[in-house]
Amino acid sequence: MLNRPAHIPAAVTQAPLTFPWSNEISLRLDNFDAVPPRLGRALAKVDYKGKMALALGCLEWVVWRLSGWTDVQDPLQRIEAAWASQVSVAYARSLDLESVRDDLTAPGDPAGPLQEALIRLEMLHLMYRKGKPEMTVQAGLCALLAFHVLPPDSGFEAWLEKALVAMADTDPCGPDFDRRASRFDYSGEAAVPRAWLDDLSVPRDPAAAPADWNAFFTAADPARNPFLVPADEMRAQGFVGEPYVFS
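Residues numbered from 1 in each chain as written. Predicted model: local features only at pLDDT ≥ 70, side-chain atom pairs only at ≥ 80, totals over all residues. Heavy atoms only, no water.

Visitor: Any details on the overall build of the protein chain? Residues and values, ideally.
Guide: Of regular secondary structure, the protein chain possesses 10 helices and 0 strands. Going from the N terminus to the C terminus, the protein chain shows its helices and strands as α-α-α-α-α-α-α-α-α-α. Computed over the C-alpha atoms, the radius of gyration of the protein chain is 17 Å, within 12% of the 18 Å expected from 2.2 N^0.38 for a compact globule of 247 residues. Dimensions of the protein chain, computed from the C-alpha atoms along their principal axes, are close to 50 × 40 × 35 Å. Relative to its full complement of 247 residues, the protein chain shows a buried share of 51%. (Helix = DSSP H or I, 4+ residues; strand = E, 2+ residues; numbered from the N terminus. Rg over C-alpha atoms; globule rule 2.2 N^0.38 Å. Buried < 20%, exposed > 50% of the residue type's maximum accessible area, 1.4 Å probe, protein only.)

Right, dumping it as structure tokens:
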């Protein structure tokens, strides 16, 4: 299972759940019009895989924020599989949420915002698998949820701003991206290592990416994570190369 990233403070996991929660808030957080225009413009400068990585980073903030109050093993396993799918969608099974409840609205109950995070992850992964250009929208909604549940002094806003500035340099959106197209081919883009979100160094050292991804895949265990596809199954499905090795 994933460990808490260095850029997410341990204090975040124990902060009281003082944010409001209701069906109305859930619906508002699912509306891209609620995303600040400045954030939308910054996301538009980042390439497709960069948007995916940033969205996963935002969802990790949400899940770790709730981790001191509820069991987050399942969400973290799903997020781990989504990170692996950034390298190849062959690594991850469906991340669809099997059941969604509409009664998780009590303030102070982590179940509501945790379900919202899983819904965001489901849509994010679906859009990514299909190459849908709505990745900007999905990333914005993930950030919006994080803003709502995290304390103002958590450091999330500063991290997000630094990440967006860095990614505009390391993972810039190219001129071939057409948000009106039905599908976008992102296969030529570099996968953003999860470990890089800790330091956000610019320029990103290309030699560090294989080491970061191989460390990630060494720790990933499909025998323990039901959302990861085992190596033998990947080979049987025609995966080219050595599963769980980044080269």
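Here the narrative resumes.
Visitor: Hey, could you go over helix 2 (residues 37–44) for me, with residue numbers and the actual values?
Guide: Turning to helix 2, its buried residues are Leu39, Gly40, Ala42 and Leu43. Take helix 2 and look down its axis: the buried residues cluster within an arc of 165°, on one side only. Residues of helix 2 that are exposed and angled more than 90 degrees away from the buried face: Pro37, Arg38 and Arg41. Tucked into the core, helix 2 has its buried residues touching helix 3 (48–66), helix 6 (135–149) and helix 7 (156–170). (Arc of directions from axis to C-beta. Contact = heavy atoms within 4.5 Å.)

Visitor: Run through the side chain of His7, naming residues and quoting values.
Guide: Checked against the element boundaries, His7 lands in the segment before helix 1 (23–28). Given the relative accessible area of 15%, His7 is considered buried. For His7, the side chain forms a polar contact with the main-chain oxygen of Leu197, separated by 3.3 Å. Other than its neighbours up to four places away in sequence, His7 contacts Trp61, Trp159, Leu197 and Asp198. (Polar contact = N/O pair within 3.5 Å; in protein donor to acceptor, adjacent residues only side chain to side chain.)

Visitor: Account for the pattern of salt bridges, with residues named and values stated.
Guide: This model, assessed by the stated rule, comprises 11 salt bridges. Residues Asp221 and Arg224 are paired through a salt bridge, measuring 3.5 Å at the closest nitrogen-oxygen approach. For Asp221, a relative accessible area of 29% corresponds to the partly exposed category. You can call Arg224 exposed: its relative accessible area is 68%. A salt bridge links Glu242 to Arg235; the nearest nitrogen and oxygen atoms lie 2.8 Å apart. (Salt bridge = Lys/Arg side-chain N within 4 Å of Asp/Glu carboxyl O.)

Visitor: How would you sum up the packing of helix 4 (residues 73–87) against helix 5 (residues 111–130)? Please name residues and give values.
Guide: As a packed pair, helix 4 and helix 5 sit with axes 11 Å apart at the nearest point and diverge in direction by 20°. Considering the angle they form, helix 4 stands roughly parallel to helix 5. Considering the relative orientation of helix 4 and helix 5, their crossing is left-handed. Residues Asp74, Pro75, Arg78, Ile79, Ala82, Ser85 and Gln86 of helix 4 form the contact with helix 5, whose own contacting residues are Leu114, Leu118, Leu121, His125 and Tyr128. Here the residues of the contact of helix 4 with helix 5 sort into 7 nonpolar, 3 polar and 2 charged. (Axes fitted to C-alpha atoms, helices over the stretch in contact; angles between N-to-C directions. Parallel < 35°, antiparallel > 145°, perpendicular 65-115°, else oblique. Left-handed = near helix turned anticlockwise from the far one by under 90°. Nonpolar A, V, L, I, M, F, W, Y, C, P; charged D, E, K, R; others polar.)

Visitor: Explain the environment of Ala10 to me, using residue names and the numbers behind them.
Guide: With respect to the helices, strands and loops of the structure, Ala10 is situated in the segment before helix 1. Separated by 144 residues in sequence, Ala10 and Ser154 place their C-alpha atoms 9.8 Å apart.

Visitor: Which residues make up unusual backbone geometry, and what values go with them?
Guide: With glycine set apart, most residues show a phi of negative sign, and most peptide bonds adopt trans. Residue Pro203 follows Val202 across a cis peptide bond; omega there is -5°. If you check the backbone angles, Tyr244 has positive phi at about 60° while not being a glycine. Along the chain, Tyr244 falls in the segment after helix 10 (231–236). Residue Tyr244 is classed as buried on the basis of its relative accessible area of 13%.

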